[in-house]
Amino acid sequence: MEKEIKITKEIAEEILGDKVDFMELARTSVFCHACYHQKNKSTSMKIEEYILNDLGDIILRGTCETCGEKCARYIESGENPKSAKIAKKYLK
């Protein structure tokens, strides 16, 4: 099981650095299982939690802004050495 800790939006932005716009892209192009059946391929998400896992990746969890179902978006920030180094200081 992966270790996960809750972080703030500011910490997520610090980890992503110059890729902060990617977080907005991730928020606005979310796959929602419930909406998919209505032919909406992607939707926007109201972010309720920012999670950092032991790989240094950020997980955005929230609800679909279209239907209200739970959804999430995984950002593989741990693959970037600079982002991974910043994430490690919060994982101690």
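Structure's up top.
Description of the structure in this document.

What counts and what doesn't
- Residues numbered from 1 in each chain as written.
- Predicted model: local features only at pLDDT ≥ 70, side-chain atom pairs only at ≥ 80, totals over all residues.
- Heavy atoms only, no water.
- Buried < 20%, exposed > 50% of the residue type's maximum accessible area, 1.4 Å probe, protein only.
- Helix = DSSP H or I, 4+ residues; strand = E, 2+ residues; numbered from the N terminus.
- Arc of directions from axis to C-beta.
- Contact = heavy atoms within 4.5 Å.
- Polar contact = N/O pair within 3.5 Å; in protein donor to acceptor, adjacent residues only side chain to side chain.
- Salt bridge = Lys/Arg side-chain N within 4 Å of Asp/Glu carboxyl O.
- Core = buried A, V, L, I, M, F, W, Y, C linked by side-chain atoms within 4.5 Å.
- Pairing = 2+ DSSP bridges.
- Axes fitted to C-alpha atoms, helices over the stretch in contact; angles between N-to-C directions.

### What about helix 4 (residues 81-91)?
Link 1 in the chain: Within helix 4, burial applies to Ser 83, Ala 84, Ile 86, Ala 87 and Leu 91. Projection of helix 4 onto a plane perpendicular to its axis shows the buried side chains occupying an angular sector of 165°, all on one side. Away from the buried face of helix 4 by more than 90 degrees, exposed residues Pro 81, Lys 82, Lys 85 and Lys 88 are located.
Link 2 in the chain: In this fold, the buried residues of helix 4 make contact with strand 1 (4-7), helix 1 (9-16) and strand 2 (45-53).
Link 3 in the chain: Sitting at the amino-terminal end of helix 4 is Asn 80, which places a side-chain oxygen 2.8 Å from the backbone nitrogen of Lys 82.

### Description of the pattern of salt bridges
Link 1 in the chain: For the coordinates displayed, the defined rule picks out 5 salt bridges.
Link 2 in the chain: Put simply, Arg 61 and Glu 4 hold a salt bridge, and the shortest N to O gap is 2.8 Å. Placement of the pair is Arg 61 in strand 3 (residues 58-64) and Glu 4 in strand 1, with a sequence separation of 57 residues.
Link 3 in the chain: For Arg 61, a relative accessible area of 29% puts it in the partly exposed group.
Link 4 in the chain: Through salt bridges with shared partners, one network takes in Glu 4, Lys 6, Glu 49 and Arg 61.

### Some thoughts on the nonpolar core
Link 1 in the chain: The biggest cluster of nonpolar side chains holds 21 residues, and the ones touching the most others in it are Ile 7, Ile 15, Met 23, Leu 52, Ile 58, Leu 60 and Ile 75.
Link 2 in the chain: For this core, the secondary structure elements donating two or more residues are helix 1, helix 2 (20-28), strand 2, strand 3, strand 4 (70-75) and helix 4.
Link 3 in the chain: Top contributing element to this core by residue count: helix 1, with 4 residues.
Link 4 in the chain: Beyond its immediate stretch of four places on either side in the chain, Ile 75 contacts Leu 16, Phe 22, Met 23, Ala 26, Asp 57, Ile 58 and Leu 60.

### Looking at the sheet that holds strand 2
To summarise the sheet geometry, strands pair through backbone hydrogen bonds and adopt either a parallel or an antiparallel arrangement.
Link 1 in the chain: In space, the 4 strands of this open sheet follow the order 1-2-3-4, with antiparallel pairing throughout. The sheet is open, and its two borders are formed by strand 1 and strand 4, each paired with just one other strand. Across the sheet, the mean angle from the axis of one strand to that of its neighbour is 35°, orientation sign disregarded.
Link 2 in the chain: Two strands pair when backbone bridges link them, and strand 1 and strand 2 are joined in this way by 4 bridges, in the antiparallel orientation. Each bridged residue has a counterpart across the sheet, and for Glu 4 the counterpart in strand 2 is Asn 53.
Link 3 in the chain: Sheet strands touched by helix 4: strand 1 and strand 2. Its angle to strand 2, the strand with the most contacts, is close to 80°.

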